[in-house]
Amino acid sequence: MLAAGSLACGLLLTPVSTWAQKVKSAAFSYIPEQSDDRYNQRVPRKTLTLPNGGFLILAHKSATEYAVERYDADLKRQWTAALPLTAEQAIDGFASSNGQALVVIYQKNGASQTLSAQAVDLSNGQKAPLKKLVEAGTRDRRPGVAFSPDGSKLVAWRYLTRDVQIRSISASVFDEKLTKLKDRSYDFSDQGAFFSTTLHVGNDGTQYVTLVSDEMKKLTVRRYLNTSNDIKVMSVAVGGVFGGKVVNVFDSRFALQPDNTLYAAAICNERESGLYHSLKVVKFDFSGEGDMKFAPEFRFTPEYLAETNKASGAAAKRLEDVYLTDLLLTEEKQLVVVAEKKYEEGGDNSPGHTRELHLFGYNEFQSPTWHSIIGKDQVAPAAEGFSSIGYRAAVFGQDIQFVTWEKIKNKSDLYLRRVNAQTGVVQEPKALGLNVAADQNPSYVKDFTAWLDAKTLIGVSRPNKKSAALMLNKIVVK
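A brief look at the structure comes next. (Residues numbered from 1 in each chain as written. Predicted model: local features only at pLDDT ≥ 70, side-chain atom pairs only at ≥ 80, totals over all residues. Heavy atoms only, no water.)

1. Thoughts on the overall build of the chain
Our working definition: In this description a helix means any DSSP run of H or I spanning at least four residues, a strand means any run of E spanning at least two, and both kinds are numbered starting from the N terminus. Each radius of gyration is computed over the set of C-alpha atoms, and the globule rule expresses the reference value as 2.2 Å times the number of residues to the power 0.38. Residue exposure (1.4 Å probe, protein chains only): buried if accessible area is under 20% of the type maximum, exposed if over 50%, otherwise partly exposed. Two residues form a contact once any of their heavy atoms are found within 4.5 Å. Computed with a 1.4 Å probe, the accessible areas rest on the Shrake-Rupley method; for each residue, only the protein chains presented here act as cover. Only four residue types enter the charge count, namely Lys and Arg as positive and Asp and Glu as negative; His and the chain termini do not. Where a charge lies is defined by one atom per residue type, namely NZ (Lys), CZ (Arg), CG (Asp) and CD (Glu).
Across its full length, the chain holds one helix and 36 strands. Whereas a compact globule of 478 residues would reach a radius of gyration of roughly 23 Å, the chain reaches 22 Å, a difference of no more than 12%. Expressed as lengths along the three principal axes of its C-alpha atoms, the size of the chain is roughly 60 × 60 × 45 Å. In the chain, which comprises 478 residues, the proportion classed as buried is 55%. Long-range contacts, defined as pairs at least 24 residues apart, comprise 48% of the intrachain contacts of the chain with a sequence gap of at least 6. For the chain, the accessible area works out to roughly 20900 Å², and carbon and sulfur atoms hold 47% of it. Charge centroids of the chain, computed over 59 positive and 53 negative side chains, lie 3 Å from each other.

2. Here's the deal with the pattern of salt bridges
Keep this limit in mind: The term salt bridge refers to a side-chain nitrogen of Lys or Arg lying within 4 Å of a carboxyl oxygen of Asp or Glu.
The tally for this structure, following the rule as stated, stands at 19 salt bridges. Among the salt bridges present, the one from Asp190 reaches Arg222, with a minimum N-O distance of 3.1 Å. Pair noted here: Asp190 is in the loop between strand E14 (180-187) and strand E15 (196-201) and Arg222 is in strand E17 (residues 218-224), with a separation of 32 residues, a long-range link. On the accessibility criterion, Arg222 (8% relative accessible area) is buried. The partner of Lys280 in a salt bridge is Glu297, and the shortest N-O contact between them spans 3.6 Å. Separated by 17 residues along the polypeptide, Lys280 in strand E22 (residues 276-285) and Glu297 in the loop between strand E23 (291-294) and strand E24 (298-299) bring together distant segments of the chain.

3. Overview of the packing of aromatic side chains
Stated formally: Any two rings among Phe, Tyr and Trp, with Trp reduced to its six-membered ring, count as a pair given centres within 6.5 Å; such a pair is stacked if its planes are under 30 degrees apart, edge-to-face if over 60, and tilted if neither.
A full pass over the atoms with the stated rule returns 17 aromatic pairs. On the basis of an interplanar angle of 90° and a centroid distance of 5.8 Å, the ring pair of Tyr30 and Phe448 is categorised as edge-to-face. Residue Tyr30 is located in the loop between strand E2 (20-28) and strand E3 (47-49), and its partner Phe448 is located in the loop between strand E33 (430-431) and strand E34 (450-453); the two are separated by 418 residues in the primary sequence. Its relative accessible area of 13% is what places Tyr30 among the buried residues. Between Tyr391 and Phe402 the ring centres are 5.6 Å apart and the planes differ by 50°, which places this aromatic pair in the tilted class. Placement of the pair is Tyr391 in the loop between strand E29 (378-380) and strand E30 (392-396) and Phe402 in strand E31 (residues 399-408), with a sequence separation of 11 residues. Each member of the pair, Tyr391 as well as Phe402, is classed as buried. Every member of this aromatic cluster is reached through a ring pair, and the members are Phe250, Tyr276, Phe298, Phe300, Tyr304, Tyr323 and Phe360.

4. Focus: the side chain of His60
The test is simple: Counted as a polar contact is a pair of N or O atoms within 3.5 Å, where, for protein atoms, one must be capable of donating a hydrogen and the other of accepting one, and residues adjacent in sequence contribute only when both atoms are in side chains.
Relative to the helices and strands, His60 is located in strand E4 (residues 55-62). Side-chain polar atoms of His60 contact the side chain of Glu33, separated by 3.4 Å. Polar side-chain contacts of His60 include one of 3.5 Å to the side chain of Tyr66. Leaving out residues up to four positions away in the same chain, His60 has contacts with Ser29, Tyr30, Ile31, Pro32, Glu33, Glu65 and Tyr66.

5. Observations concerning the sheet that holds E14
What counts is decided by this rule: Note on pairing: two strands pair once DSSP finds at least 2 bridges between them. Convention adopted: a line fitted to C-alpha atoms gives each axis, helices being fitted over their contacting stretch, and angles between N-to-C directions are expressed from 0 to 180 degrees.
Ordered in space as E11-E12-E13-E14, the four strands form an open sheet in which the pairing is antiparallel. Strand pairing shows two members of the sheet lacking a second neighbour, strand E11 (144-147) and E14, which therefore form its edges. Strand-to-strand twist of the sheet, defined as the mean angle between neighbouring strand axes without regard to direction, takes the value 20°. Pairing geometry for E11 and strand E12 (residues 153-162), over four bridges, is antiparallel. Bridged to Phe147 within E12 is Leu154.

6. Thoughts on the sheet that holds E2
Pairing in this open sheet of four strands is antiparallel, and the strands run E2-E36-E35-E34 from one edge to the other. Taken across any chain shown, the strands that pair with only one partner, and hence form the sheet edges, are E2 and E34. Adjacent strand axes in the sheet meet at a mean angle of 25°, parallel and antiparallel pairs treated alike. Bridge analysis of strand E35 (residues 456-461) against strand E36 (residues 470-477) gives six bridges, and the strand direction is antiparallel. Residue pairing in the sheet places Thr456 in a bridge with Val476 of E36.

So, in structure tokens, the structure goes:
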């Protein structure tokens with residue numbers, strides 16, 4: 001095992017030849033999504049695996065139609081549920097539970113903004129009547145929705161503001177049959193003028209309101225029960241004045257687990273210079289009397305910048321454009337925090353880039369044990385945003401798998417890397433043998449990448465430049 005704070009080498013120069021067998025492919029139609037915010041997709045995962053086998057896909061069939069489709073493990077389509085959409089509508093959420101899939105549809109008209117849920121029966125694809133979840137005025141902020149980890153609960157909300165500042169949130173909690181369980185109001189009158197907030201809902205319907213507050217220096221979680229009016233609060237300062245320099249939260253990410261434990265990570269930077277200062281990780285456990293564990297900070301030192309440049313082959317003078325992207329937890333409660341460098345060249349319709357992955361490993365006691373930097377260099381046309389570049393990750397035991405679309409040694413393909421969550425050891429990238437086309441047309445859609453199990457992946461790609469059509473692939477890893 002690597003000692004605490006050591007570097008697991010991420011500069012991997014010689015990928016091994018193909019080590020997967022493409023078992024089956026099927027025709028697939030796809031219309032690229034249009035979004036004003038290419039950094040933050042509203043529905044980044046459009047393939048959902050099912051516990052009894054097979055998977056669901058949220059397909060964009062045409063400019064006016066989406067569809068939920070169920071496939072078995074051999075890519076045989078079992079049913080299709082069409083979802084016609086008007087120009088005033090958009091998809092804002094997609095989840096599944098034991099008995100049904102839920103698609104959240106946003107609509108804006110002259111009088112209001114609404115979020116409604118479309119339930120689809122998993123056994124036969126039958127659609128239930130559309131159910132309105134929340135309504136807001138056209139001048140209000142866009143309403144939001146969040147699902148529980150198992151998809152059995154959802155919370156929909158609208159913002160109440162004064163002079164563009166959030167004063168409170170009005171929310172409703174629903175079960176998987178869209179029966180309302182609770183109406184709630186979350187008050188922020190005690191907050192200052194500048195804070196960020198997000199809602200999460202547990203599998204039991206408990207709500208967790210997360211805050212970055214106190215002029216972006218403090219991480220706070222408030223717990224709201226459906227059976228009580230008691231509000232439990234946990235809070236920790238991650239910013240402040242260090243060495244005479246004001247440090248605050250630049251980027252943050254919260255991840256609620258099925259047991260209602262909530263993990264938070266924050267990249268902090270120096271307010272005046274913008275220099276990256278440190279990574280801070282907190283575990284909020286509301287069971288019993290409640291417990292909060294604050295991991296020792298990881299400092300972004302000049303030595304860390306040198307490691308990053310070595311892994312990426314760059315000569316950057318400072319860390320920048322690195323954002324938190326995942327908090328991955330193993331069954332043994334070892335945490336891996338993932339950040340990725342992503343940016344646009346600048347100007348309208350400029351290409352998007354994603355570069356190195358930054359991984360930080362913590363043991364079950366919240367102690368940092370290793371870090372690793374995986375070098376990669378991906379670029380995509382502006383029309384695709386970041387839907388084809390970046391990565392997908394999944395956890396299996398101590399093994400974390402990362403899939404990327406890259407061109408390595410002149411070979412354009414999907415590549416799989418395995419990272420040991422306990423030691424931080426990164427295996428060299430392995431080509432999956434799809435020979436993905438590399439040109440200006442859509443070649444790979446990351447949103448549809450999913451794992452049926454530790455050795456079976458689903459992905460959507462275009463096999464060569466001569467082909468105009470995307471294919472739905474099932475890949476079995478040897």
